[in-house]
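The lines below spell out each chain.
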2 protein chains.
Amino acid sequence: MSDERPIGVFDSGVGGLTVVAALKRRLPRESVLYLGDTARLPYGTKSPLTVERYSRRNVDFLASRGVKAVVVACNTASALGLAGLEEPVPVLGVIEPGARRAAEISRGCVGVLATESTIASDAYGIALRAARSDLRVVSQPCPLFVPLIEEGWYDDTVTAEVARRYLQPLIEQRVDTVILGCTHYPLLADLLAGLLGSEVQLVDSAGAVAERLHQDLESSGALASDSAVEDHYCVTDAGSRFRRIAADFLGDPDLSLELVEVG
Amino acid sequence: MSDERPIGVFDSGVGGLTVVAALKRRLPRESVLYLGDTARLPYGTKSPLTVERYSRRNVDFLASRGVKAVVVACNTASALGLAGLEEPVPVLGVIEPGARRAAEISRGCVGVLATESTIASDAYGIALRAARSDLRVVSQPCPLFVPLIEEGWYDDTVTAEVARRYLQPLIEQRVDTVILGCTHYPLLADLLAGLLGSEVQLVDSAGAVAERLHQDLESSGALASDSAVEDHYCVTDAGSRFRRIAADFLGDPDLSLELVEVG
């Protein structure tokens with residue numbers, strides 16, 4: 001049994017490309033259809049109602065293009081956007097796989113770094129405590145990380161100072177594991193690891209969701225066979241900005257993009 | 001002759017409230033109908049096509065609510081979004097009035113601080129040179145200013161360091177006048193003035209557009225008479241975030257907001 005249809009991935013913008021990279025590593029035979037809702041990004045500062053509306057339209061768009069499953073790469077959409085979804089295809093968010101992995105490796109205190117909306121939803125806190133009721137959770141919204149990353153200031157004194165402020169409560173509470181709860185944050189992994197120290201483990205939800213998807217596809221006999229891999233990237237707003245940032249995320253400056261209208 | 005219909009004002013979000021404040025000072029008898037497109041903000045990193053599409057829908061929405069004129073408070077929308085507009089009511093952007101004021105007072109070299117999209121359009125440069133062909137123009141995109149302001153870090157060492165980097169080319173080129181080409185930036189006026197020095201004049205387009213609108217309404221006999229002023233605020237995404245930031249802009253924590261859907 002095999003299923004050659006592509007895996008759909010959506011994100012508010014380019015950040016989901018870190019999830020695509022993780023999928024490619026774990027599932028190299030699968031094709032990916034990516035949708036970046038760049039016309040309406042960011043989701044991380046918007047209300048649950050709006051994020052849910054956009055997420056529903058993104059799932060419908062990907063389903064209409066014939067994907068076999070949808071990965072919600074955007075943490076905010078995973079946290080807020082799935083509740084009311086009637087799902088035309090299986091939909092998998094990043095929160096629960098990421099929280100489960102953190103719960104497995106933590107020694108008792110987990111920090112969560114994410115957007116304002118993700119933190120306000122407490123989606124990671126709820127998933128962490130569901131996995132292990134003894135865990136302490138320290139949550140910190142980091143609204144400046146995405147703009148700093150999109151400015152390209154990864155290794156920078158300003159970014160380091162901002163990170164120092166955001167990490168202060170996590171360090172005071174002696175977290176031992178930190179979830180990078182936004183698709184952009186893996187690009188700050190080195191800087192954050194340096195500030196947190198070598199005893200603190202970083203968890204990136206992208207790897208965890210790729211592992212979960214592999215299990216799901218395998219158990220339902222829906223893995224792709226050895227056919228040709230064809231990836232395709234759609235965006236709702238295709239500016240030079242997307243292209244520049246995408247090159248940082250994927251290392252491919254010649255990405256071919258289709259401009260689409262979604263809802 | 002008088003016209004009691006409200007003035008429509010739209011912006012991508014809360015920043016346009018600085019323009020409302022300027023209108024209120026110059027035209028205290030006029031009512032304002034404000035539309036903040038908070039579901040799709042920011043405009044400043046998006047493509048001309050997308051910004052134009054959103055701007056058209058915003059004008060149509062305000063026209064359908066019976067405004068007598070529309071002020072495009074958002075600099076990016078003023079720069080990119082007016083070209084193709086068929087205008088059901090008179091539409092006035094902030095770029096040309098702001099550029100004209102700067103051209104009047106400059107001693108020869110004008111700096112422009114704005115979003116990436118506004119700078120890429122060169123709308124201020126074109127308007128400045130049209131007003132005075134001898135002007136030198138130094139343009140600088142400042143993508144981190146809006147997120148820093150929305151974080152509330154007005155008087156802050158991080159914001160000062162970011163501003164120092166952005167202002168460096170303007171200082172090297174010895175600008176004598178600087179346009180604050182984004183509705184958020186007046187909240188950094190003190191910090192920027194401190195870094196630029198007392199000989200550099202700051203121009204805020206909000207005051208300039210209020211003056212222009214006053215002239216237009218007066219000459220067409222469309223000023224409001226002494227009737228009751230009624231302001232009304234609409235947003236496309238009403239989260240607690242909007243309310244918190246709006247309080248910083250208007251000093252009114254009890255703003256009543258109507259949630260609307262626009263296109």
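Since this is a predicted model, take the numbers as computed values, not measurements.

> Tell me about the layout of surface pockets, and name the residues and values.
Estimated volume of the second largest pocket: approximately 240 Å³. Contributions of two or more residues to the lining of the second largest pocket are made by α11 (240-250) of chain A together with α5 (116-121) of chain B. For the lining of the second largest pocket, the element with the most residues is α5 of chain B, which contributes four residues. Partitioning the lining of the second largest pocket into residue classes produces three nonpolar, seven polar and four charged.

> Describe helix α2 (residues 48-64) of chain B, and please don't skip the residues or the numbers.
The first and last C-alpha atoms of α2 of chain B sit 24 Å apart over 17 residues, in line with the 24 Å expected at 1.5 Å per residue. Close packing links the buried residues of α2 of chain B with β1 (7-11), β2 (32-36), β3 (69-72), α3 (75-80), β4 (91-93) and β9 (232-235) of chain B.

> Could you give me a rundown of the domain arrangement of chain A, with the residues and numbers involved?
Residue and element names in this part refer to chain A. Per the domain assignment, the segments of chain A are domain 1 (7-93 + 207-259) and domain 2 (96-205). With 27 residues of domain 1 at the interface, the matching set in domain 2 holds 22 residues. Roughly 1800 Å² is buried in total at the junction of domain 1 and domain 2, and carbon and sulfur atoms are behind 52% of that figure. For the pair domain 1 and domain 2, the interface holds one salt bridge. Here E96 makes a salt bridge to R212, at a shortest N to O gap of 2.9 Å. Where domain 1 meets domain 2, there are 13 residue pairs in polar contact (both at pLDDT 80 or more). For the side of domain 1 that touches domain 2, the elements supplying multiple residues, two or more each, are α1 (17-26), α3 (75-80), α10 (205-219) and α11.

> Tell me about the packing of helix α8 (residues 157-172) of chain A against helix α8 (residues 157-172) of chain B, residues and numbers included.
In contact at an axis separation of 10 Å, α8 of chain A and α8 of chain B are set at 165 degrees when each is read in the N-to-C sense. Compared by their axis directions, α8 of chain A and α8 of chain B come out roughly antiparallel. The way α8 of chain A lies across α8 of chain B gives a crossing that is left-handed. Here T157, V158, E161, V162 and R165 of chain A of α8 of chain A come into contact with α8 of chain B, specifically with T157, V158, E161, V162 and R165 of chain B.

Criteria and cut-off values
- Residues numbered from 1 in each chain as written.
- Chains lettered and ligands numbered in written order.
- Predicted model: local features only at pLDDT ≥ 70, side-chain atom pairs only at ≥ 80, totals over all residues.
- Heavy atoms only, no water.
- 1 Å grid on protein atoms, 1.4 Å probe; cavity = no way out; pocket = protein on both sides within 12 Å on 5 of 7 lines; lining within 4 Å.
- Points joined across faces, edges and corners; volume = space filled by probe spheres on them.
- Helix = DSSP H or I, 4+ residues; strand = E, 2+ residues; numbered from the N terminus.
- Nonpolar A, V, L, I, M, F, W, Y, C, P; charged D, E, K, R; others polar.
- Expected span 1.5 Å × (residues − 1).
- Contact = heavy atoms within 4.5 Å.
- Domains from an automatic or database assignment.
- Buried area = accessible area lost by both parts, 1.4 Å probe.
- Salt bridge = Lys/Arg side-chain N within 4 Å of Asp/Glu carboxyl O.
- Polar contact = N/O pair within 3.5 Å; in protein donor to acceptor, adjacent residues only side chain to side chain.
- Axes fitted to C-alpha atoms, helices over the stretch in contact; angles between N-to-C directions.
- Parallel < 35°, antiparallel > 145°, perpendicular 65-115°, else oblique.
- Left-handed = near helix turned anticlockwise from the far one by under 90°.

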